[in-house]
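Take a look at the letters that make up each chain.
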Amino acid sequence: MKRRNPFANIENTFSPKKKLVVYNDEGDAEAVDSNQVNKLTERREREDMPRKRQCRAALPFSARLTEVEQQELQDAPGKKSLNFSEDDSLFEEEEEDVKSPLLKSPQAIAPASIAPPVCTQYPTDWSLKTRVLFTSPLSLSWAENPKAQEEALGLSQHCRAQFTSLPHSIQDPRSCSELRCAFQQSLVYWQHPTLPWISLFPRINAERSFTGKCTPWAQDTALQKSLMSEWSVSLSSLYSLLKTRLCPYFYLCSYQFTVLFRAAGLGGSGSITAFISPTTRGLREAMKAEGIEFSLPLVDERRKSKEQQEVEVEQMEKAQDCSELKESEGCQEAEEGESCGYNNDDDEDDDDGSFSWLKEMGVQDKIKKPDSISIQLRKEGTAVSLDHKPESVVCVEGSHTFTLINFLINCKSLVATAGSQAGLPPTLLAPTSFRGATMHTLKARSVNVKSQVGSTYQSISSLEITGPILPSSLQAVTALLRPAQKGNFAATLYTHAPSAVMNTQGNKQQCAAGSVDLCGCGLHPASIQQLQQSSSLGKTALTHINMNNYSYTWKN
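Residues numbered from 1 in each chain as written. Predicted model: local features only at pLDDT ≥ 70, side-chain atom pairs only at ≥ 80, totals over all residues. Heavy atoms only, no water.

Quick look at the overall build of the protein chain now. Broken down by element type, the protein chain carries 14 helices and 15 strands. Within the protein chain, the proportion of its 556 residues that are buried is 34%. Counted over contacts in the protein chain with a minimum sequence separation of 6, partners at least 24 positions apart contribute 75%. For the protein chain, the exposed surface amounts to about 34300 Å²; the carbon and sulfur share of it is 52%. (Helix = DSSP H or I, 4+ residues; strand = E, 2+ residues; numbered from the N terminus. Buried < 20%, exposed > 50% of the residue type's maximum accessible area, 1.4 Å probe, protein only. Contact = heavy atoms within 4.5 Å. Areas by Shrake-Rupley, 256 points an atom, 1.4 Å probe, with all protein chains shown as cover.)

Moving on, we get to the nonpolar core. Ranked by size, the top nonpolar core spans 51 residues in total, and within it Phe134, Trp142, Phe183, Tyr249, Tyr251 and Ile465 carry the most contacts. Secondary structure elements with two or more residues in this core: strand E3 (129-136), helix H4 (177-186), strand E5 (249-253), strand E12 (456-469), helix H13 (471-484), strand E13 (488-495), helix H14 (525-531) and strand E14 (544-548). Among the elements that line this core, the one with the most residues is H13, at five residues. Per-domain counts for this core show at least three residues from each of domain 1 (129-187 + 442-555) and domain 2 (216-298 + 387-438). Beyond its immediate stretch of four places on either side in the chain, Tyr249 contacts Trp126, Leu242, Leu260, Phe261, Arg262, Ala430, Pro431, Leu470, Pro471, Ser472, Leu523 and Leu531. In this structure, Val188, Leu242, Leu296 and Val299 belong to the second largest nonpolar core, which totals 37 residues. (Core = buried A, V, L, I, M, F, W, Y, C linked by side-chain atoms within 4.5 Å. Domains from an automatic or database assignment.)

By the definition in use, this model includes six salt bridges. Taking the shortest distance from any N to any O, the salt bridge between Glu464 and Arg445 comes out at 2.8 Å. Within this pair, whereas Glu464 is found in strand E12, its partner Arg445 is found in strand E11 (residues 443-453), the two being separated by 19 residues in sequence. When its relative accessible area of 15% is taken as the criterion, Glu464 is described as buried. (Salt bridge = Lys/Arg side-chain N within 4 Å of Asp/Glu carboxyl O.)

For the coordinates displayed, the defined rule picks out eight aromatic pairs. When the centroid spacing of 5.3 Å and the interplanar angle of 80 degrees are considered together, the rings of Tyr122 and Tyr552 count as edge-to-face. Of this pair, Tyr122 sits in the loop between helix H2 (61-80) and E3 while Tyr552 sits in strand E15 (residues 551-555), and the two are 430 residues apart along the sequence. As far as burial versus exposure is concerned, Tyr122 and Tyr552 are alike and both buried. Of the aromatic side chains, those joined through ring pairs into one cluster are Tyr122, Phe134, Phe489 and Tyr552. In this structure, Arg262 is placed above the aromatic ring of Trp126, and the distance from its NZ or CZ to the ring centre is 4.9 Å. (Phe/Tyr/Trp six-rings, centres within 6.5 Å; stacked < 30°, edge-to-face > 60°. Lys NZ or Arg CZ within 6 Å of the ring centre and 35° of its normal.)

The subject of this paragraph is the sheet that holds E3. Strand order in the open sheet formed by six strands is E11-E12-E3-E13-E14-E15, and the pairing between neighbours is antiparallel. Taken across any chain shown, the strands that pair with only one partner, and hence form the sheet edges, are E11 and E15. Here the average twist between neighbouring strands, direction ignored, is 20 degrees. As defined by bridge partners, E3 adjoins E12 across seven bridges and the pair is classed as antiparallel. Residue Phe134 lies in a different strand from E12, and its bridge partner there is Leu463. (Pairing = 2+ DSSP bridges. Axes fitted to C-alpha atoms, helices over the stretch in contact; angles between N-to-C directions.)

For E14 and E15, the ladder comprises five bridges, and the chain directions are antiparallel. Paired with His544 across the strands is Lys555, a residue of E15.

Pairing between the strands of a sheet comes from backbone hydrogen bonds, and it takes one of two forms, parallel or antiparallel. Spatially, E8-E7-E6-E5-E9-E4-E10 is the arrangement adopted by the seven strands of the open sheet, whose pairing is antiparallel. Every other strand in the sheet has two partners, leaving strand E8 (394-397) and strand E10 (438-441) as the edge strands with one partner each. On average, adjacent strands in this sheet sit at an angle of 25 degrees to one another, irrespective of strand direction. Relative to strand E9 (residues 427-430), E5 is paired through three bridges, and the arrangement is antiparallel. Counterpart to Cys253 in the pairing with E9 is Thr427. Sheet contacts for helix H6 (residues 221-243): strand E4 (188-192), E5, strand E6 (258-262) and E9; angle to E5, the most-contacted strand, approximately 150 degrees.

Over the atoms, a rolling probe the size of a water molecule traces out where space has been left empty. In total, this model carries one cavity of 30 Å³ or more according to the counting rule given. One number sums up the size of the largest cavity: a volume of about 50 Å³. The wall of the largest cavity is formed by Tyr122, Pro123, Thr124, Asp125, Pro471, Leu474, Gln475, Gln530 and Leu531. The set of elements that each furnish at least two residues to the lining of the largest cavity consists of H13 and H14. (1 Å grid on protein atoms, 1.4 Å probe; cavity = no way out; pocket = protein on both sides within 12 Å on 5 of 7 lines; lining within 4 Å. Points joined across faces, edges and corners; volume = space filled by probe spheres on them.)

The pairing of E3 with E13 spans six bridges and is antiparallel. What sits directly across from Leu133, in E13, is Thr492.

Along the polypeptide, Ser420 turns up in the loop between helix H12 (400-410) and E9. In this structure the C-alpha to C-alpha distance between Ser420 and Lys213, which are 207 residues apart in sequence, comes to 8.8 Å. Discounting chain neighbours no more than four positions away, the residues touching Ser420 are Glu207, Phe210 and Thr215.

Time to look at the confidence of the model for the protein chain. Here the protein chain averages 78 in pLDDT, and 65% of its residues register 70 or above. Scored below 50 in pLDDT, residues 78-115 makes 18 contacts in the model with residues more than four places away or belonging to other chains. Within the model, pLDDT remains below 50 along residues 338-353, and this stretch shows seven contacts once partners closer than five positions in the same chain are excluded. (pLDDT = per-residue confidence, 0-100.)

Okay, the packing of H6 against H12 next. Packing of H6 against H12 leaves a shortest axis separation of 10 Å and a crossing angle of 170 degrees. Judged on the interaxial angle alone, H12 and H6 are roughly antiparallel. Together, Met228, Trp231, Ser232, Leu235, Ser236 and Tyr239 of H6 and Thr401, Phe402, Ile405, Leu408 and Ile409 of H12 make up the contact between the two elements. (Parallel < 35°, antiparallel > 145°, perpendicular 65-115°, else oblique.)

Right, let's get into H12. Within H12, burial applies to His400, Thr401, Leu404, Ile405, Phe407 and Leu408. Taken around the axis of H12, the buried residues stretch over an arc of 165 degrees, which confines them to a single face. If you follow the buried residues of H12, they end up packed against H6, E5, E6, strand E7 (273-277), helix H7 (281-289) and E8. (Arc of directions from axis to C-beta.)

Next comes the structure, spelled out in structure tokens:
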């Protein structure tokens, strides 16, 4: 950028050539231009060159070498020096002298050099989905009506935990047999018990699905015992597989609550973890009676945030009071008095049955004291208010999960004693096989619809998947849609409400992703890598996933 002389105006912008005073050979002074001086100097140098050469020839070689070195040292700074006339501005800078490649505007940056951030993975979601609707501008008809050989190969690959690598983009998904086999493989899940005429998921508020159906076990005690016996064997088998990291996770769905068991190393936890939601005070008291230690993550989080807010308010009040009393000498005494007052308040809150302050006032006989039962009911009021709410989610970690398994096997309230689900054991769901389990596949259906975009209608292909959609199944399907739909699709997720809060974190120390070996659990390595990450969703679940140009965005 050229900066102009601030003292220059239109009248004095012209600078005449500078006149210099020089002395000729006769000693007389005369005024000449600077150009004439330069020409005179060059002519004298040319005349002196033969004389210098003759002098150098008479000198020895070492003296000539020294003279050349001195001449180079004298010429070096002269090359870098600049001559300014009196009218030349020190603030002027020619554009030709600026040799550094400076970018003068954002337009100079090539558009291809600014790449948008690419998100190749969406957050881990541990909630169960009942339905997922995928939409894409490209056809999704390749996902339905598989050939008999493709379906058989997909089921075989699932049982053997074999996975096919696919290219980054597939030109013709309908003719790609590997893609269709992998899609059938991603739809498989395992369930116990299985009744072909009744859907056993979901179990909470599922009376409509049982209405009018044949339930021979409802009045048959021997049949109920047989079902519970087989169910106990399957649950024990699942926990053994989980403990040896041969099964990554499984769900227990009863008519009252849902339980998620996760292997060590998943969800950022270094030990086996179990989440129960929703719970009641009766269930929590029964777990305490069995010696099961648990935590209420959402309640603890809310209590910590409330305490932090109270501390901040208290500090602000202290700072305000201190600023008001700053001029007086009693500021320090006021702070000590306030701290004592707060400590006394805390002691009174902790001491439930102390009413010494009534005695100090002399009215201990005139005021009716609350009895111990009223105090206990007041304490339990908060616990009861959590029942059947998302905040009632319970987290069990470590060795207490084994005690929880025994508790669930022997818990009589786990099975309904009346109603349409009376005598029917809870549903067990897992991504890998276990004892007594039956292989099931999710239902997939493709439909082409017209969607209005502005004043025109655009053809959109949709793929609907229904059933108990496990976290690994969702990850496997989205991984296949990525190359098949050339990185452009959207998904609407419908969550099983009791499992929406299972993205919360436990209280124990978290472990680094990949620190526990889970390569033998039967899942795709990409699924394992995603499930090892700690979920950032908290007590919410994903509702929408959108992939545009191979980059994910989501809503929860």
